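Chain residues, written in single-letter form:
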Amino acid sequence: MATTAQLFEEPFDADEYIERLAWRTPGGGSKGGAEAFDPKKLLEEFVNHIEELKLLDERIQRKVEKLEQQCHREAKEFAHKVQDLQRSNQVAFQHFQELDEHISYVATKVCHLGDQLEGVNTPRQRAVEAQRLMTYFNEFLDGELRSDVFNNPDKIKEAADIIQKLHLIAQELPFERFSDVKAKIASKYHDLERQLIQEFTAAQRRGEIGRMREVAAVLLHFKGYAHCVDVYIKQCQEGAYMRNDVFEDIAVLCQRVNKQVGEVFCSPETVMAKLIQSIFENKIQAHVKEKLDETRNSDVEQYLKNLYDLYTRTTALAAKLTDFNLGSDKHTFLSKLIKNIFSCYLESYIDMERQYLQNRSGMILQRYYDSKNHQKRPVGTGSIQELKERIRQRTNLPLGPSIDTHGETLLSQEVVVNLLQETRLAFERCNKLSDPADLPKNAFSIFLILVEYLCVDHIDYALEIGLSAIPSADAKNANLYFLDVVQQANTIFHLFDKQFNDHLMPLISSSPKLTECLHKKKEVIEQMEVKLDTGIDRTLNCMIGQIKQILATEQKKTDFKPEDENNVMIQYTTACSKVCVYVSKQVERVRRSMDGKNVDTVLTELGVRFHRLIHEHLQQFSYSSMGGMLAICDVAEYRRCAKDFRVPLVLQLFDTLHALCNLLVVAPDNLKQVCSGEQLTNLDRNLLHAFVQLRVDYRSARLGRHFS
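Attention in this report is confined to the structure presented alongside it. (Residues numbered from 1 in each chain as written. Predicted model: local features only at pLDDT ≥ 70, side-chain atom pairs only at ≥ 80, totals over all residues. Heavy atoms only, no water.)

With respect to the packing of helix α10 (residues 268-293) against helix α12 (residues 330-346)
Any two packed helices are characterised by the angle at which their axes cross and by the distance between the axes.
Here is step 1: Where α10 meets α12, the axes come as close as 10 Å, and the angle between the chain directions of the two elements is 20 degrees. As summarised for this structure, α10 and α12 are arranged roughly parallel, according to the angle between their axes. Every pair of crossing elements has a handedness; the one defined by α10 and α12 is right-handed. Counted together, A273, I276, Q277, F280, E281, I284, Q285, V288, K289, L292 and D293 of α10 and F333, L334, L337, I338, N340, I341, F342 and Y345 of α12 form the full contact between these two elements.
Here is step 2: Classifying every residue of the contact of α10 with α12 by side-chain character gives 13 nonpolar, three polar and three charged. (Axes fitted to C-alpha atoms, helices over the stretch in contact; angles between N-to-C directions. Helix = DSSP H or I, 4+ residues; strand = E, 2+ residues; numbered from the N terminus. Parallel < 35°, antiparallel > 145°, perpendicular 65-115°, else oblique. Left-handed = near helix turned anticlockwise from the far one by under 90°. Contact = heavy atoms within 4.5 Å. Nonpolar A, V, L, I, M, F, W, Y, C, P; charged D, E, K, R; others polar.)

Pasting the structure below:
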């Protein structure tokens with residue numbers, strides 16, 4: 001059985017158990033071991049082992065039954081013990097309830113006895129107190145204060161309590177009979193009050209918080225308590241303003257005093273509020289008045305800066321002070337203090353802001369025009385000016401004197417930045433200093449000043465001068481600087497639009513003034529766009545005029561009908577070369593001057609006009625065979641130049657023109673086939689016929705029959 005017990009090792013595995021049993025049996029291993037495998041021996045061993053296991057099972061079962069019987073016996077014993085304990089606990093609980101009831105009964109008796117004793121003692125104490133006060137009152141009546149309490153400085157607290165009560169009693173006595181004693185009591189009352197205040201002041205200077213608290217508690221019932229608080233507030237501020245920054249000094253002072261008042265006074269929030277009121281009405285108001293009055297009439301710019309800075313710092317200080325206990329409505333309390341200081345300045349703020357901004361903006365503009373030696377001229381308005389404008393647009397006639405600006409655009413980003421900077425500061429001040437109800441209206445008035453000086457007096461004036469300076473289409477060597485005006489005006493307007501969105505919109509976004517601002521902005525944009533469109537149109541006319549002059553000057557009739565057909569050595573004519581150089585420069589100028597879709601729009605218009613001019617120009621000549629080839633070369637060069645436009649329509653127009661020029665050189669028998677080609681089939685037959693008529697051999701070869 002010992003061997004069997006060894007086989008039951010943890011963790012138990014049945015397969016492993018059988019394998020180990022077989023391995024221990026001689027001749028029972030799977031490989032036979034040293035002996036050959038003998039199934040009979042293995043069977044015999046298994047039978048014997050099964051018997052052993054049965055005996056082992058019986059032994060274990062008997063042991064288990066014995067342990068179970070023991071467990072049941074102990075459980076019954078434990079249950080009996082628990083029942084005994086529960087009965088004992090119930091008895092103890094009943095005793096506790098009886099004791100509790102007895103204690104409550106005794107306590108009730110004691111309280112009743114205490115009430116009876118108090119009912120007897122209170123009248124006795126009052127009688128004793130009345131007798132004591134009558135004794136002291138007799139001393140005042142006799143005119144001789146004999147009691148030690150009135151003569152001993154160490155008993156000033158007790159004396160103060162007595163005199164305060166006597167003072168209240170004296171108020172009820174008839175004046176005729178007790179005038180002398182009432183005067184003596186009042187004199188002693190004020191004398192003690194003065195001594196207590198002096199004692200409080202001395203304790204404050206010594207930093208004795210405990211003594212200050214005692215004296216303040218005594219003075220609380222005196223009329224001079226408010227004076228005590230005033231003295232405390234005054235002494236707190238002595239030597240507190242040592243820095244150059246008064247607001248920083250005030251913040252430090254309030255932080256220090258806030259910790260102390262709670263230890264000294266029974267109502268610290270009242271004392272703290274009174275301290276802050278004293279600071280605002282005296283120190284801050286005096287500081288504000290000094291700073292603002294010295295610049296109000298002499299330097300408006302500095303006055304506005306000081307007003308903004310002082311108001312901002314005062315409100316920031318008030319925000320810090322809200323951390324202290326100042327009563328239930330501290331925000332309203334602080335707002336009233338700030339309003340009392342700044343109301344006289346804020347009432348006239350927006351008028352001074354507008355006046356300053358107008359003067360400053362005008363000075364910035366005038367200084368710029370003076371630096372350019374430009375005398376600003378009045379810009380005409382009204383129906384006559386509009387009539388002249390329309391006539392000039394349609395006829396290009398020089399109505400009125402032409403202005404030579406020597407290439408100056410009269411636009412300056414430095415001026416614009418200065419104007420926008422002044423306006424931005426004005427918006428910031430307006431946001432801080434305006435009443436919330438007036439903020440949108442005030443911001444709108446500042447915006448109108450910006451529109452007047454930036455958009456009208458600077459940008460619009462520069463556009464007017466630029467329009468007047470644009471030469472007529474037939475002028476020679478015209479300076480087309482209006483595109484520079486366009487470029488700068490575009491940049492300036494982006495800056496204007498950014499300020500509109502960043503600084504004005506937050507001030508008016510939730511008010512009816514938003515609609516007015518957007519309408520005004522739209523109106524200004526449309527007015528400038530009309531003048532820009534007019535100027536660009538005239539500039540394009542001038543460009544085409546310059547190209548006409550180049551063609552008229554450089555293009556010879558013999559270019560397309562050379563005397564020696566066999567000795568033409570050029571790839572394209574001189575006129576074509578110069579025109580392409582000029583056009584390429586103008587295309588580049590347009591790209592520099594504009595952005596976005598405006599570039600494509602203007603280049604499309606320029607390209608269409610350029611094509612129309614070349615088309616009309618080519619129809620002025622007669623072409624020999626070699627001349628036609630040269631014309632094709634010129635158009636090919638024009639087409640290469642047209643690629644710089646990067647506009648499909650323009651390139652398509654020159655492709656068609658190039659195909660038309662093929663009619664100048666194609667063999668007569670192939671004319672019909674060429675006219676039916678992809679690029680020419682949709683064109684008007686009269687146009688095709690007109691080009692064919694430009695051929696020198698038109699009549700001799702009877703080419704007209706192909707179009708009959």
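Details of a negative patch on the surface
Here is step 1: A contiguous patch of negative charge on the surface is contributed by D13, D15, E16 and E19.
Here is step 2: Structurally, E19 can be placed in helix α2 (residues 14-24).
Here is step 3: Look at E19 and you get partly exposed, because its relative accessible area is 45%. (Patch = residues over 30% accessible without salt bridge, like charges linked within 9 Å, V, L, I, M, F, W, Y side chains within 5 Å. Areas by Shrake-Rupley, 256 points an atom, 1.4 Å probe, with all protein chains shown as cover. Salt bridge = Lys/Arg side-chain N within 4 Å of Asp/Glu carboxyl O. Lys, Arg positive; Asp, Glu negative; His and termini not counted. Charge placed at Lys NZ, Arg CZ, Asp CG, Glu CD. Buried < 20%, exposed > 50% of the residue type's maximum accessible area, 1.4 Å probe, protein only.)

A few points about the environment of L694
Here is step 1: Here L694 shows up in the segment after α24 (685-692).
Here is step 2: A relative accessible area of 10% places L694 in the buried class.
Here is step 3: C-alpha separation for the pair L694 and F621, spaced 73 residues apart in sequence, amounts to 6.7 Å.
Here is step 4: Leave out the neighbours within four places in its chain, and L694 touches L618, Q619, F621, S622, Y623 and L664.

Considering the packing of helix α11 (residues 300-321) against helix α13 (residues 349-371)
Here is step 1: Viewed as axis vectors pointing N to C, α11 and α13 meet at an angle of 135 degrees, and their least axial separation amounts to 10 Å. If you check the angle between α11 and α13, you find them oblique. Note that α11 runs across α13; the crossing there is left-handed. In contact with V300, E301, Y303, L304 and L307 of α11, α13 contributes Y349, M352, E353 and Y356.
Here is step 2: Partitioning the contact of α11 with α13 into residue classes produces seven nonpolar, no polar and two charged.

Notes on helix α8 (residues 225-236)
Here is step 1: Its 12 residues give α8 an end-to-end C-alpha distance of 17 Å, which sits within 8% of 16 Å, the value for a rise of 1.5 Å per residue.
Here is step 2: What α8 keeps buried is the set Y225, C228, V229, V231, Y232, I233, Q235 and C236. (Expected span 1.5 Å × (residues − 1).)

A few points about the packing of aromatic side chains
Two numbers describe a pair of aromatic rings. These are the distance of the centres and the angle of the planes.
Here is step 1: Using the criterion set out here, one finds 14 aromatic pairs in the structure.
Here is step 2: Ring geometry for F560 versus Y623: centroids 5.0 Å apart, planes at 50 degrees, classification tilted. You can see F560 sitting in the loop between α18 (513-554) and α19 (574-593) and its partner Y623 sitting in the loop between α20 (597-618) and α21 (625-643), a full 63 residues away along the chain. Accessibility assignment for this pair places F560 and Y623 in one class, buried.
Here is step 3: Taken together, the aromatic side chains of F444, F447, F493, F496 and F500 make up a single cluster linked through ring pairs.
Here is step 4: The side chain of K283 reaches across the aromatic face of Y241, ending 4.6 Å from its centre. (Phe/Tyr/Trp six-rings, centres within 6.5 Å; stacked < 30°, edge-to-face > 60°. Lys NZ or Arg CZ within 6 Å of the ring centre and 35° of its normal.)

Bear in mind that shape data such as this cannot, by itself, settle questions of function.
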